[in-house]
Amino acid sequence: MAFTMPWKLRWFSLCIAVCTTLRNGAASGLPPPCDSPIYCTGNLLKQVQTAKVFSDDKHFVDMGLRESPEQVLQKFQKLVESCPDGKVSRNQLLQFINLFFTPPGQEFEPCTLQDWHENPKILAKISDSKLRRWATNLHALWKSLGRKIKEDVKNHPELHSQIYVPYPVVVPGGRFREFYYWDSYWIINGLLLSEMRDTAKGMIANFLYLVEKYGMIPNGGRIYYLRRSQPPFLTLMMDCYMNKYNDYEFLRSNIHLLELEYGFWMRNRSVIVSLDGKNHTLNHYNVQVGDPRPESYSDDLELAENFTEVTKQEVWAELKSAAESGWDFSSRWYVSGSKGQTATLQNTRTSEIVPVDLNAVLCQTEHHLASFYKMLGNTSKAQEFEAAKMRRMNAMQAVFWDETLGIWLDFNLNTRDRNKAFYPTNLAPLWAECVNSQSLVEKAVQYLKKSEASSYQNGIPTSLFQSGQQWDFPNAWPPLQHIVIHGLAKSSLPSAQEMAFQLAQNWIRTNFLAYEKYEAMFEKYDVIGDGKPGGGGEYEVQEGFGWTNGVVLQLLDTYGSRLSS
Ligand SMILES: *[C@@H]1O[C@H](CO)[C@@H](O)[C@H](O)[C@H]1NC(C)=O
Ligand SMILES: *[C@@H]1O[C@H](CO)[C@@H](O)[C@H](O)[C@H]1NC(C)=O
Ligand SMILES: *[C@@H]1O[C@H](CO)[C@@H](O)[C@H](O)[C@H]1NC(C)=O
Ligand SMILES: *[C@@H]1O[C@H](CO)[C@@H](O)[C@H](O)[C@H]1NC(C)=O
């Protein structure tokens with residue numbers, strides 16, 4: 001039955017839709033994840049995600065539009081008006097989506113990575129024949145993870161949630177159909193070992209393009225990630241590329257963009273810690289953006305269902321800050337529950353915590369910017385960044401170093417306490433080489449040796465606490481293995497170097513056993529059992545997998561003559 005509403009009533013329903021959005025975003029003073037009324041805010045998103053039309057909320061926000069957003073919203077409004085209470089049934093939603101949306105994954109065209117070739121030199125470095133065959137397969141996997149974004153995304157950005165970038169990208173794999181910021185650091189390192197110079201350079205050029213366009217790098221290649229970033233590895237990527245190819249022209253024409261991205265972190269993500277009469281500037285993850293994450297909408301809505309509107313918005317901002325840290329989610333970002341209750345995901349307060357690893361990454365960024373400017377002959381700029389690095393090293397020492405445990409610890413701005421729990425990131429200053437004295441290196445190595453964490457044969461666990469979240473025990477993640485192993489390997493202590501090799505051997509064995517069993521590479525592994533993927537969190541474990549392959553190739557490059565299967 002055709003049904004036309006009197007105009008007054010129609011205006012009223014439109015107001016409900018608009019006013020709901022305003023109430024959410026505006027009352028708390030927080031902007032939405034992005035401005036799109038399809039992908040980031042509004043009634044259509046809310047109805048589709050709360051009806052759980054798809055099993056993974058990311059499905060809907062990765063779909064493309066067949067008509068302009070205005071037309072689609074207008075037609076949706078008609079549908080809403082035809083439904084009692086404005087609630088569209090799940091079946092009608094599905095029909096609507098089928099009419100006006102294209103399935104996810106259509107923004108890419110087939111992409112041959114032109115610089116791929118058989119037999120990069122790294123393979124000859126690997127003595128164990130099984131490991132060499134495996135590395136050959138991993139090297140070949142890059143071909144299946146390469147994507148080129150269609151020109152249509154550039155010409156009609158309003159029809160896509162995908163963010164256009166000019167050069168081919170290597171994606172992580174699985175549900176991660178777009179590039180991710182910090183994942184790309186390990187992917188690029190793997191590509192460099194695979195001698196894929198153009199692909200690696202293109203990925204760096206994509207990030208520079210994003211900095212130029214947005215002043216920062218979004219978490220990943222979707223507009224719903226636009227107001228949050230991820231651990232800032234861009235300058236470190238450039239350093240890896242420069243170490244291999246000395247491409248001064250590329251560096252010279254882009255160094256202002258590296259500095260611009262650094263500036264984003266210093267302007268938008270810094271915090272002053274006053275301690276013992278001194279002020280220290282350090283950085284934290286802090287995404288002051290409201291509303292549920294579009295790609296995990298129903299999870300966020302349910303998690304906050306019993307909270308007041310203001311608390312909801314606060315918790316949603318803190319969840320986004322956790323996503324920005326790369327550790328989504330983890331007991332590392334929990335603060336104590338009220339009335340002695342056990343802390344849960346609802347107690348996530350990421351912005352209250354000053355993390356060791358973020359500051360170690362920025363310390364390295366300052367170091368590289370100083371040496372880049374020196375290479376380019378700009379002494380005053382080089383001195384400026386050298387001074388910034390010295391200031392940060394002093395701040396890290398004052399705020400993070402715990403003399404009793406002999407290690408760096410995250411600092412809580414609210415309780416003004418250090419978090420004594422084990423995380424692999426506690427050792428990040430070793431990897432970043434942001435340590436003033438050799439005696440601290442020795443203590444940090446002792447800390448790891450004495451820690452229960454080093455007793456697991458399958459890799460270093462993310463924490464020693466089993467919260468059910470994916471960045472906690474018993475999961476072990478490739479980037480964290482890299483940070484610990486390379487941190488120990490950089491030390492001049494023979495015992496630390498030997499420990500690095502042993503940890504590398506453990507990790508390679510875990511990855512290889514799982515590969516033999518499942519014929520797949522996973523985003524994370526379980527430190528318990530006999531080579532199996534990790535679990536927990538809000539989605540199924542993903543295969544592919546960009547950073548896993550990158551870290552394995554790096555370990556095989558470093559220790560190829562000694563590692564065994
Ligand atoms: C960074 O801060 C500036 C100035 O406060 C603000 O206009 C901008 O929106 C912020 N950017 C992000 C991505 O938060
Ligand atoms: C530290 O910063 C606060 C403001 O954030 C200021 O009031 C105080 O004077 C500063 N202290 C020192 C020692 O600079
Ligand atoms: C909200 O409260 C209800 C009733 O007490 C409870 O069943 C539900 O689990 C709560 N939701 C969350 C996410 O805590
Ligand atoms: C160094 O860089 C700054 C900022 O880009 C510029 O203003 C200055 O002229 C440069 N100095 C030299 C010696 O190139």
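Our structure's up above, just so we're on the same page.
These numbers come from a predicted model, not from an experiment.

The rules behind the values
- Residues numbered from 1 in each chain as written.
- Chains lettered and ligands numbered in written order.
- Predicted model: local features only at pLDDT ≥ 70, side-chain atom pairs only at ≥ 80, totals over all residues.
- Heavy atoms only, no water.
- Pairing = 2+ DSSP bridges.
- Helix = DSSP H or I, 4+ residues; strand = E, 2+ residues; numbered from the N terminus.
- Buried < 20%, exposed > 50% of the residue type's maximum accessible area, 1.4 Å probe, protein only.
- Arc of directions from axis to C-beta.
- Contact = heavy atoms within 4.5 Å.
- Salt bridge = Lys/Arg side-chain N within 4 Å of Asp/Glu carboxyl O.
- Disulfide = S-S within 2.5 Å.
- Core = buried A, V, L, I, M, F, W, Y, C linked by side-chain atoms within 4.5 Å.

Comments concerning the pairing of strand β7 (residues 278-283)
Logical step 1: In this structure, strand β6 (residues 270-275) lies alongside β7, joined through six bridges in antiparallel fashion. Residue pairing across strands places Val271 opposite Leu282, the latter belonging to β7.
Logical step 2: In this structure, the hairpin formed by β6 and β7 is closed by a connection of two residues, where Asp276 is found at a positive phi of approximately 50°.

Structural notes on helix α5 (residues 90-100)
Logical step 1: Considered for burial, the residues of α5 that qualify are Leu93, Phe96, Ile97 and Phe100. What you see down the axis of α5 is that its buried residues fit within an arc of 100°, all on one side. Turned more than 90 degrees away from the buried face of α5 sit Asn91, Gln95, Asn98 and Leu99, all of them exposed.

Observations regarding the environment of Glu295
Logical step 1: Mapped onto the elements of the fold, Glu295 is located in the loop between β7 and α12 (297-303).
Logical step 2: When residues no more than four places from it in sequence are discounted, the contact partners of Glu295 are Asp56, Asp57, Lys58, Val61, Arg175, Tyr224, Tyr225 and Arg228.

Quick notes on the pattern of salt bridges
Logical step 1: Evaluation of the coordinates by the stated rule reveals 27 salt bridges.
Logical step 2: Notably, a salt bridge pairs Arg293 with Asp300, separated by 2.8 Å at the nearest N-O pair.
Logical step 3: A salt bridge links Glu523 to Lys524; the shortest N-O distance between them is 2.8 Å. An identical accessibility class is assigned to Glu523 and Lys524; each is buried.

Details of the state of the cysteines
Logical step 1: Evaluation of the coordinates by the stated rule reveals two disulfides.
Logical step 2: The disulfide that involves Cys34 links it to Cys40, with 2.1 Å between the sulfurs. Judged by the torsion about the S-S bond (105°), the Cys34/Cys40 disulfide is right-handed.
Logical step 3: Covalently, Cys363 is tied to Cys434 through a disulfide, its sulfur atoms 2.0 Å apart. Across the disulfide from Cys363 to Cys434, rotation about the S-S bond amounts to roughly -105°, and the bridge is consequently left-handed. In this pair, Cys363 sits in helix α14 (residues 356-375) while Cys434 sits in the loop between α16 (428-432) and α17 (438-450), placing the two residues 71 residues apart along the sequence. Take Cys363 and Cys434: they sit in the same class, and that class is buried.
Logical step 4: For the protein, the bonded cysteines pair up as 1-2, 3-4 when numbered in the order they occur along the sequence.

Some words on the pairing of strand β4 (residues 146-149)
Logical step 1: For strand β3 (residues 108-109) and β4, the ladder comprises two bridges, and the chain directions are antiparallel. Across the sheet, the residue bridging to Glu109 is Lys148, located in β4.
Logical step 2: The pairing of β4 with strand β5 (residues 169-170) spans two bridges and is classified as antiparallel. By the bridge assignment for β5, Arg147 is matched with Val169.

Thoughts on the nonpolar core
Logical step 1: Counting 185 residues, the largest nonpolar core has Phe60, Phe101, Leu234, Trp408 and Leu488 as the members making the most contacts within it.
Logical step 2: When residues in this core are grouped by element, the largest group, eleven residues, is from helix α19 (residues 494-518).
Logical step 3: Ignoring anything within four residues of it in the chain, the contact list for Trp408 reads Val356, Met396, Gln397, Phe400, Trp401, Asn426, Pro429, Leu430, Val435, Leu440 and Ala444.

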